[in-house]
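Remarks on the overall topology
Below, each chain spelled out in residue letters.
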Amino acid sequence: MINRILIRIKVVQILYSYLLSRNEFKIETAPVGASRDRRFAYAVYLDMLMLIQELSGCRTAVSGRKVPILDIDKKLRANRVGRALADNELLKDAIARRGADGLNAIAPLIQQLSDKITASAVYADYAKHRNHELDDDVKFWSVILETTILKDPALIQALRENPEFSLSGLHHGIYSAVDTLRSYSDTRSAYQKARKDLDASLDKAGELYYALFVLITEITQEQADRFEAAKGKYLATAEDLNPETRFVDNRFACFLAGDSRMQQFLEEHPITWVDESGLLSSLLDLILASDIYADYMSLPETDWATDCEFWRNVMRTIILPSDALAEALEDKSIYWNDDLSTMGTFVLKTIRRFASADDGKGVDFLPRYKDDEDAAFGQQLFTAAVDNREQYRELIDRFINTDWDPERLAFMDIVIMITAIAEIVNFPGIPIPVSLNEYIEIANSYSTRRSGPFINGILYSVIKTLIDDGRILKPFNVAGADENQK
């Protein structure tokens, strides 16, 4: 029951939170008017980050002297920290501003340091594992800096050539580099958390689908409890003692209460509404006061289809629009209010399918995903958007700067467009007009009131460019789209 419309919304929401909070490397800035110790510490700091790149096989641009070509161990080359440092624009700028002194003092020692690292116990422990998490890569270099590098006599002697050398500056510089590495580990942890949050949000959407069916059974039980309480009154009336039980005996509600598939789901995902103060009572009162209830109770008799249709109408006109339900959803899950419209639609469709069958026989609840492609779609889309975000942002900025007013730009608009481009480029089976329409609808719902036309214009320009460059091979009626832009 989780379709691609909902998956796109979830990816945009999680990507928005992730990009808003992420900060890859915490690169220190050059000290201004600082002491000799601080200036030397910063020089060591840059040297250490450059050294990691070189030891990982990533060449750094050093003016005045070239670092010799190294014989790098394949495990060091596979370590992702060096490449991540080499790709960091802030670090590139800092190295460029440093100029000719960058890494020169210790350049002749790099092969020796590489050999010393690969002979160390920490490397032996690192190398015996085939697959490494990013945290393992970061921890490896942090330990190497604090032990092998910091305690290497030849390196310390080479750094003494700097007239501002001090042991406190050396230690401060190396530990600052360690802090920068760990900040990247924190960011990657945030990335992994975002991926888990995406899965969790989709899982919770699936739970809401079943939770709405549970609501039917528990509202029915609430009425049954009222009947039992009325029978125990001191002055019970004839109506109290012999109530009309058509509502309680509703075939569809009874079917849900006894269905083995529902029971299995509830064993794995314990869901109940009885802990939501007043919700069941409030919804039951609304139902009992409704014309839907009055019409249902006045029928000469009912059958399976009639009982199903009763609950479909109640769900559509009373439960789903209820303010009491909206408040309860906020307490149940941070995701559920956003999911209610989509999951409510699937519940209504499911009830209609049950109504069309004989006592529900041969009809199943909707599967969580239509197929394996849909199940993988969310994570694939999120990964494509994150991995290519800078490239896609450059494309977006190209047309914002020339054709659009930057004042109109909202960060949510950027996130929506990055996700849209990721889908258009990386999912050849999805037609371009489908992707465009879906993300324009997301913009209309989740961003500013002018975001839809704005995003439509930017994405159209980006798509034309990518088609002209041969990076998109899917068919797209450019002429027709041109007309729509006018």
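The structure under discussion appears in the preceding block.
Read on for an overview of the structure. (Residues numbered from 1 in each chain as written. Predicted model: local features only at pLDDT ≥ 70, side-chain atom pairs only at ≥ 80, totals over all residues. Heavy atoms only, no water.)

A short note on the state of the cysteines
Applying the stated criterion across every chain yields a total of zero disulfides. C254 takes part in no disulfide bond, and the closest cysteine sulfur, belonging to C308, lies 11 Å away. Of the residues examined, C308 reaches a relative accessible area of 0% and is grouped as buried. (Disulfide = S-S within 2.5 Å. Buried < 20%, exposed > 50% of the residue type's maximum accessible area, 1.4 Å probe, protein only.)

A few points about the pattern of salt bridges
This model, assessed by the stated rule, comprises 21 salt bridges. Put simply, E146 and R182 hold a salt bridge, and the shortest N to O gap is 3.6 Å. Of the two residues, E146 sits in helix α8 (residues 134–149) while R182 sits in helix α10 (residues 167–231), which places them 36 residues apart along the sequence. Given the relative accessible area of 40%, R182 is considered partly exposed. A salt bridge links K193 to D197, with the shortest nitrogen-to-oxygen separation between them at 2.8 Å. With a gap of four residues between them, K193 and D197 both fall in helix α10, about one helical turn apart. For D197, a relative accessible area of 23% puts it in the partly exposed group. A single network of salt bridges, built from pairs that share partners, joins R4, E373 and D374. (Salt bridge = Lys/Arg side-chain N within 4 Å of Asp/Glu carboxyl O. Helix = DSSP H or I, 4+ residues; strand = E, 2+ residues; numbered from the N terminus.)

Some remarks on helix α2 (residues 36–55)
When the terminal C-alpha atoms of α2 are compared, their 28 Å separation across 20 residues agrees well with the 28 Å that a helix rising 1.5 Å per residue should span. α2 sits mainly inside the fold: 16 of its 20 residues count as buried. Taken from the residues just after α2, G57 is the one with a positive phi, measuring 85°. (Expected span 1.5 Å × (residues − 1).)

As for helix α22 (residues 432–446)
Counted at 1.5 Å a residue, the expected span for α22 with its 15 residues is 21 Å, and the 21 Å between its end C-alpha atoms agrees. For α22, the set of buried residues is I432, S435, L436, Y439, I440, I442 and A443. Take α22 and look down its axis: the buried residues cluster within an arc of 155°, on one side only. Each element contacted by the buried residues of α22 is listed here: α1 (4–21), α19 (372–387), α21 (411–426) and α23 (451–468). (Arc of directions from axis to C-beta. Contact = heavy atoms within 4.5 Å.)

Regarding a negative patch on the surface
A surface patch of like charges, here negative, comprises D323, E327, E330 and D331. Considering the arrangement of structural elements, one finds E327 in helix α17 (residues 323–332). (Patch = residues over 30% accessible without salt bridge, like charges linked within 9 Å, V, L, I, M, F, W, Y side chains within 5 Å. Areas by Shrake-Rupley, 256 points an atom, 1.4 Å probe, with all protein chains shown as cover. Lys, Arg positive; Asp, Glu negative; His and termini not counted. Charge placed at Lys NZ, Arg CZ, Asp CG, Glu CD.)

Brief notes about the nonpolar core
Core analysis: the largest hydrophobic core is formed by 109 residues, its most contacted members being Y209, F213, I219, F252, W273, W311 and F382. Broken down by element, this core gets its largest block of residues, 17 residues, from α10. The residues contacting I219, other than those within four sequence positions of it, are F247, L280, L283, L284, I287, W311 and I319. Listed in part, the 48 residues of the second largest apolar core include I72, A94, L109 and V178. (Core = buried A, V, L, I, M, F, W, Y, C linked by side-chain atoms within 4.5 Å.)

Re the environment of R195
Within the secondary structure layout, R195 lies in helix α10. Looking at R195, the relative accessible area reads 25%, which means it is partly exposed. Between the C-alpha atom of R195 and that of S290, which follows or precedes it by 95 residues, the distance is 44 Å. Dropping the residues within four chain positions of it, R195 is found in contact with Q379, F382 and T383.

Details of the packing of α2 against helix α5 (residues 89–98)
Put simply, α2 and α5 touch, their axes get as near as 11 Å, and they point 120° apart. As judged from the angle between their axes, α2 and α5 are oblique. For α2 against α5, the interelement crossing comes out left-handed. Two secondary-structure elements touch here, α2 through Y42, A43, L46, D47, L49, M50 and Q53 and α5 through L91, A94, I95 and R98. Classifying every residue of the contact of α2 with α5 by side-chain character gives eight nonpolar, one polar and two charged. (Axes fitted to C-alpha atoms, helices over the stretch in contact; angles between N-to-C directions. Parallel < 35°, antiparallel > 145°, perpendicular 65-115°, else oblique. Left-handed = near helix turned anticlockwise from the far one by under 90°. Nonpolar A, V, L, I, M, F, W, Y, C, P; charged D, E, K, R; others polar.)

Thoughts on the packing of α2 against α8
Relative orientation of the contacting elements α2 and α8 amounts to 110°, with a least axis distance of 12 Å. Regarding the angle of α2 to α8, the classification is roughly perpendicular. Contact with α2, carried on its side by M48, L51, I52 and L55, involves W141, L145 and I149 of α8 and no other residues of that element. Taken together, the residues of the contact of α2 with α8 break down into seven nonpolar, no polar and no charged.

Considering the environment of K370
Within the secondary structure layout, K370 lies in the loop between α18 (336–355) and α19. The exposed category is assigned to K370, whose relative accessible area is 66%. The spacing of K370 and N242 is 128 residues in sequence and 47 Å in space, taken between C-alpha atoms.

The values are spatial; any link to function lies outside them.
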